[in-house]
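# Close look at the chain arrangement
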Amino acid sequence: MKRKILLKTIVVSLALITALGFSSFSDEADDIYLYGPAAMSHESSTISAADLENVVPDSSFDELRGSGLLKKSDISAISQIVVAESSAAAIMPTAASVYVGYPVNAPTPLVAEASAFPQAATTTGQVYNSTGLDTNLSNFTQRTFASTKVQDTSAPSYALININTKEIYATKEPNAKYNPSGLTNLMTAYIATRYLSMDTVLHVNASAVRGLDKDASIAALHAGDTITLRDAIASMFVKGCVDSSNVVAENVSGNITDFVKLMNTTATSLGLTNTNFVDPSGIGNNESTALDMSIIMAKVCENPELVELLKLYQYKLPKASKRGELILYSKNTQLNKENSTYNADVLASRLAYSSSSKYCISSLMNHNNNYVIAVVLKAEGTQFSATKKLFDFAKLVLTGNAK
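Figured I'd write up the structure that's included with this text. (Residues numbered from 1 in each chain as written. Predicted model: local features only at pLDDT ≥ 70, side-chain atom pairs only at ≥ 80, totals over all residues. Heavy atoms only, no water.)

## Observations concerning the overall build of the protein
Of regular secondary structure, the protein possesses 14 helices and 10 strands. For the protein, buried positions account for 51% of its 403 residues. Pairs at least 24 apart in sequence give 64% of the contacts found in the protein among residues at least 6 apart. Total accessible area computed for the protein in this model is approximately 18400 Å², and 52% of it derives from carbon and sulfur atoms. (Helix = DSSP H or I, 4+ residues; strand = E, 2+ residues; numbered from the N terminus. Buried < 20%, exposed > 50% of the residue type's maximum accessible area, 1.4 Å probe, protein only. Contact = heavy atoms within 4.5 Å. Areas by Shrake-Rupley, 256 points an atom, 1.4 Å probe, with all protein chains shown as cover.)

If you want it as structure tokens, here you go:
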């Protein structure tokens, strides 16, 4: 009888411990849902391992020793599960961090969102390695001009914004929703680099490369392959490789479905109410506006490593299990100095195309230490000329010649 009472006491005690543990983490349930099962944040718990072991006195353990019912080591194991001291300490966010989601076993996010774009760049071609809490669509204001206009372009929709001043210089059909095609993977890259370094080795699962459209651009990855995040993002930017986008998504959130939830949660946090993503690559029926996509590009360009990849016209992928080295070439000829459409003003750019979305392009210019982004959607082969017209207009504004 005494043993039964003791066992009941232990069970009740453990139930209370579990309840306390759940309470300490329950505030994060919504964050874990939004960011997926492979992402979790950690709060410091008020229950220590020592407290857990002391719930049942040593004398009780002595009575149970050898009974096969419970050992002190069992409580130690439970304490490690509830408190998760070692794993939580390894990725505990700093007090200044604003992140709510962390992939399991991933390092602490590399950049804490603490400051906006500086008002001036210190190095030509260098975009800032700090990120801006105020790079949110709600913080941008429309600037109006009485007479100076963007040169006429047939593109159905475009947006031109100044990241430094948080001004919208020009828009056409700013609320019109279009499929941004492969520009979608700008968001994929932005999210991935919040959690993983460029040298992180990603593992390719069969689910990431199975059932791809026969016309999709791919990096020819197969289950069991590995690829660094840098190589994966480069292949996404240069060639729009769908398999690379899927691999990135699965390595961040565990599966594509939960990564898409993360994409849409992030879009909402940036004030992008006209955007909805259905996949990480842009091959599906994603939806956004030129203005929303310009904000996503702004967030991407806060990372200088991503800007370097957005400058590339070609890229060499290392060998994989079923292919040799693979050289990828972009159709974004405004990045190619040997092409007639080359635009020296373009610091970084991402071009995408599909038969339904037509040409979509997002580009970054640095003029007089002002960073300006131009996005054009559903262009019928006029994407480069439209980008040039938008940047020419931005120059007029920045030199005081727009009225």
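## Things to note about helix H12 (residues 290-300)
Burial runs high along H12: 11 of the 11 residues are buried. Here H12 has its buried residues at Ala290, Leu291, Asp292, Met293, Ser294, Ile295, Ile296, Met297, Ala298, Lys299 and Val300.

## Here's the deal with the pairing of strand S10 (residues 370-379)
Counting buried positions along S10 yields nine of 10 residues, so the element is predominantly enclosed. Pairing geometry for strand S9 (residues 358-367) and S10, over eight bridges, is antiparallel. Residue pairing in the sheet places Met365 in a bridge with Val372 of S10. Taken together, S9 and the strand that follows it, S10, pair antiparallel across an intervening segment of two residues, in which Asn368 is found at a positive phi of about 55 degrees. (Pairing = 2+ DSSP bridges.)

## Some thoughts on the packing of aromatic side chains
Scanning the model with the defined rule gives two aromatic pairs in all. Judged by centre distance (5.3 Å) and plane angle (85 degrees), the rings of Phe145 and Phe393 are edge-to-face. With Phe145 in the loop between strand S1 (141-142) and strand S2 (157-162) and Phe393 in helix H14 (residues 383-398), this residue pair connects regions lying 248 residues apart in the sequence. Under the relative-accessibility criterion, Phe393 is labelled buried at 3%. The interplanar angle of 45 degrees and the centroid separation of 4.5 Å between the aromatic rings of Tyr353 and Tyr359 together place this pair among those described as tilted. Under the relative-accessibility criterion, Tyr359 is labelled partly exposed at 25%. (Phe/Tyr/Trp six-rings, centres within 6.5 Å; stacked < 30°, edge-to-face > 60°.)

## A word on the nonpolar core
Within the largest apolar cluster, 68 residues are counted, with the highest numbers of intra-cluster contacts made by Leu186, Ile191, Ile233, Phe237, Val252 and Leu364. Among the elements that make up this core, the one with the highest residue count is H12 (eight residues). The contacts of Ile191, once residues within four sequence positions are left out, are Val252, Phe259, Leu262, Met263 and Thr266. Judged by nonpolar contacts, the second largest core, of 25 residues, contains Val150, Leu390, Phe393 and Leu398. (Core = buried A, V, L, I, M, F, W, Y, C linked by side-chain atoms within 4.5 Å.)

## Describing the sheet that holds S9
Read from one edge of the open sheet, six strands run S1-S3-S2-S10-S9-S8, paired in mixed fashion. The sheet terminates laterally at S1 and strand S8 (346-354), the two strands that pair on one side only. Where S1 and strand S3 (residues 167-172) come together, two bridges link them in parallel fashion. Note that in S3 the partner of Gln142 across the bridge is Ile168. In this fold H12 packs onto S2, S3, S8, S9 and S10, with an angle of close to 40 degrees to the strand it touches most, S2. (Axes fitted to C-alpha atoms, helices over the stretch in contact; angles between N-to-C directions.)

## Notes on the pairing of S8
Looking along a regular strand, one sees the side chains alternate between the two faces of the sheet. A large share of S8 lies buried, amounting to seven of its nine residues. Connecting S8 to the next strand, S9, in antiparallel fashion are three residues.

## What to know about the environment of Leu351
One can find Leu351 in strand S8. On the basis of relative accessibility, which here comes to 10%, the residue Leu351 falls in the buried class. Taking C-alpha positions, Leu351 is 10.0 Å from Pro180, a pair spaced 171 residues apart along the chain. Residues within four places of Leu351 in sequence aside, it is in contact with Lys331, Asn332, Tyr359, Cys360, Ile361, Gln383 and Phe384.

## What to know about the packing of helix H7 (residues 184-195) against helix H10 (residues 242-253)
Relative orientation of the contacting elements H7 and H10 amounts to 35 degrees, with a least axis distance of 10 Å. Considering the relative orientation of H7 and H10, their crossing is left-handed. Here Asn185, Thr188, Ile191, Ala192 and Tyr195 of H7 lie close against H10, whose contacting residues are Ser245, Val248 and Val252. (Left-handed = near helix turned anticlockwise from the far one by under 90°.)

## A word on the layout of surface pockets
If you add up the space inside the largest pocket, you get close to 650 Å³. Contributions of two or more residues to the lining of the largest pocket are made by helix H9 (229-239) and S8. With five residues, the single largest contributor to the lining of the largest pocket is S8. In terms of residue class, the lining of the largest pocket is made up of eight nonpolar, 14 polar and five charged. (1 Å grid on protein atoms, 1.4 Å probe; cavity = no way out; pocket = protein on both sides within 12 Å on 5 of 7 lines; lining within 4 Å. Points joined across faces, edges and corners; volume = space filled by probe spheres on them. Nonpolar A, V, L, I, M, F, W, Y, C, P; charged D, E, K, R; others polar.)

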